[in-house]
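If you want the building blocks of each chain, they are given just below.
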Amino acid sequence: MSHHHETTTTTTTTTGSAGTGVFDNHGAGLPADYPSHNAYLAAATTGKDADTISTGSTARNFSTARMADGTNVLEKDFSRQESDNGYSNQHLEGAIDSDTALRQIRTAGSVSISPELFEKLYLQPQNQVKGELRKTFGNPTPIALIGFLLSLMPLSMQLMGWRGAVGGGAATIGWYYFAGGVLMLMGGIGEWILGNTFPFVVFSSFGAFWLGFAATLQPIYNAYGAFANTTTSPASTGLQSVGFNVGIGFFLITMGVLCFIYLICSIRTNLVFFMIFFCLVCNFGILTGAYFEGAKGNLRLSGKLTEAAGAFQFITCLFGWYIFFAIMLVSVDFPLNIPIVDLSTMVKGASEKKKINHVE
């Protein structure tokens, strides 16, 4: 700030002494013997030079003292002291120019986050997008996670047959619609708006899965009713038919392939997210075997496989609750920071490797 003051003072003094511009006494319409403006200016400023120099020196000394003062809130924002949650900013250096200093002071209240914290919040490596949407909108990741957990957790318990539960998850069909479907789609759209491609695809695809699963269990959609046989005694509802069970098995194979792709991609996120997809791949594989065995009439083995799939779903939920808890702690800047083992810094991205090779 003091450098800007010195430049302005020097420019004004030089202009006045040179007799140019508005201070030039040779302008049109002025007689030759007209008193010089420079003379008046010199007389007026001579007595003030000492005060001006004294004032400028005082201002410079005061500015230097402010920069040296470690407790001054404008010159120092403690931003390099990175917290446990990964928040960080920047100090104002003493040799910085005034324009840059002003911009940093104006943005001192903003919060920049480390790549590790970004990955924890959004479940993908940090990327650059245009605009300030991430500072404008809330983080949509937790709402999608809670929709997933509120649907999968009770389903896993039902598939394991806890406390005599049966029905293949039909008891909680409403949650598949309004938690798994609606909340995960909302989270997916939010990630899309923020430019987070990987969680957008993951949440949206699982939102569609829950809506489709709920529709399959409702008689109004005639998913299993199309295989019903009323000529048998007792009449078949279609749930035990070969066509229905094999068809569901094929869809579960597709979900397993999708989760395997997510598993590979999650190597660039964190260990907890990786384990979620690992358990889901195992779940869909085992559940496919359960439906195929049910189509063959091997109900005992089908039941055992269903229980095993429910166990993998339950483990998936444990990892899900852990990562949900970690994100919520960060969202309120809680002093407790639980690790999720960031993998994005361990497994370098293609763009990072190109930069390293270019530097070398």
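The rules we used
Residues numbered from 1 in each chain as written. Predicted model: local features only at pLDDT ≥ 70, side-chain atom pairs only at ≥ 80, totals over all residues. Heavy atoms only, no water. 1 Å grid on protein atoms, 1.4 Å probe; cavity = no way out; pocket = protein on both sides within 12 Å on 5 of 7 lines; lining within 4 Å. Points joined across faces, edges and corners; volume = space filled by probe spheres on them. Helix = DSSP H or I, 4+ residues; strand = E, 2+ residues; numbered from the N terminus. Axes fitted to C-alpha atoms, helices over the stretch in contact; angles between N-to-C directions. Parallel < 35°, antiparallel > 145°, perpendicular 65-115°, else oblique. Left-handed = near helix turned anticlockwise from the far one by under 90°. Nonpolar A, V, L, I, M, F, W, Y, C, P; charged D, E, K, R; others polar. Buried < 20%, exposed > 50% of the residue type's maximum accessible area, 1.4 Å probe, protein only. Polar contact = N/O pair within 3.5 Å; in protein donor to acceptor, adjacent residues only side chain to side chain. Core = buried A, V, L, I, M, F, W, Y, C linked by side-chain atoms within 4.5 Å. Contact = heavy atoms within 4.5 Å.

**A word on empty space enclosed by the protein**
In this approach a probe as big as a water molecule rolls over the atoms, and the regions it shows empty are the leftover space.
Inference 1: Evaluation of the coordinates by the stated rule reveals one cavity of 30 Å³ or more.
Inference 2: Taken as a whole, the largest cavity encloses approximately 100 Å³ of empty space.
Inference 3: What lines the largest cavity is Leu145, Phe148, Leu149, Met184, Val202, Phe203, Phe206, Phe273, Ile276, Phe277, Leu280 and Gly320.
Inference 4: Looking at the lining of the largest cavity, the elements with two or more residues in it are helix 6 (141-159), helix 8 (197-217) and helix 10 (271-295).

**Structural notes on the packing of helix 9 (residues 242-265) against helix 10**
Think of two packed helices as two axes; the pair is described by the angle between the axes and how far apart they sit.
Inference 1: Closest axis-to-axis distance for the helix 9/helix 10 pair is 8 Å, and the angle between their directions is 165°. Between helix 9 and helix 10, the angle falls in the class roughly antiparallel. For the pair helix 9 and helix 10, the crossing hand works out as left-handed.
Inference 2: Looking at the contact of helix 9 with helix 10 residue by residue, the class counts come to 21 nonpolar, five polar and no charged.

**Let's talk about the side chain of Asn196**
Inference 1: Checked against the element boundaries, Asn196 lands in the loop between helix 7 (173-194) and helix 8.
Inference 2: Accessibility expressed as a relative area gives 0% for Asn196, which makes it buried.
Inference 3: Reaching out from Asn196, the side chain makes a polar contact with the side chain of Glu191 at a distance of 2.8 Å.

**Brief notes about the packing of helix 10 against helix 11 (residues 299-331)**
Inference 1: Two elements in contact, helix 10 and helix 11, have axes whose closest approach is 8 Å; the angle formed by their N-to-C orientations is 165°. In terms of orientation, helix 10 and helix 11 fall into the roughly antiparallel class. Viewed along their axes, helix 10 and helix 11 form a crossing whose handedness is left-handed.
Inference 2: Class assignment for the residues of the contact of helix 10 with helix 11 results in 20 nonpolar, eight polar and one charged.

**Structural notes on the environment of Ala179**
Inference 1: For Ala179, the position within the fold is in helix 7.
Inference 2: Taking the relative accessible area as the measure of exposure, Ala179 reaches 1% and is therefore buried.

**Notes on the nonpolar core**
Generally speaking, soluble globular proteins have nonpolar side chains that are buried together.
Inference 1: Phe148, Phe206, Trp210, Phe277, Leu280 and Phe284 are the most contacted members of the largest nonpolar core, which totals 48 residues.
Inference 2: Elements supplying a minimum of two residues to this core: helix 6, helix 7, helix 8, helix 9, helix 10 and helix 11.
Inference 3: Leu280 has contacts with Phe148, Leu152, Phe206, Cys259 and Thr316, leaving out every residue within four places of it along the chain.

**Structural notes on unusual backbone geometry**
Inference 1: The backbone of Arg163 shows a phi angle near 55°, a positive value even though the residue is not glycine.
Inference 2: Tracing the chain through its elements places Arg163 in the loop between helix 6 and helix 7.
Inference 3: In this structure Arg163 comes out as exposed when scored by relative accessible area, which is 88%.
Inference 4: A positive phi angle, near 60°, is found at Asn222, a position not held by glycine.
Inference 5: Taking the relative accessible area as the measure of exposure, Asn222 reaches 41% and is therefore partly exposed.

**Some points on the layout of surface pockets**
Inference 1: Taken as a whole, the largest pocket spans an internal volume of roughly 960 Å³.
Inference 2: Contributing to the lining of the largest pocket are 40 residues, with Leu159, Gly167, Gly168, Tyr291 and Thr306 lying nearest its centre.
Inference 3: Of the residues belonging to the lining of the largest pocket, the class tally is 25 nonpolar, 14 polar and one charged.

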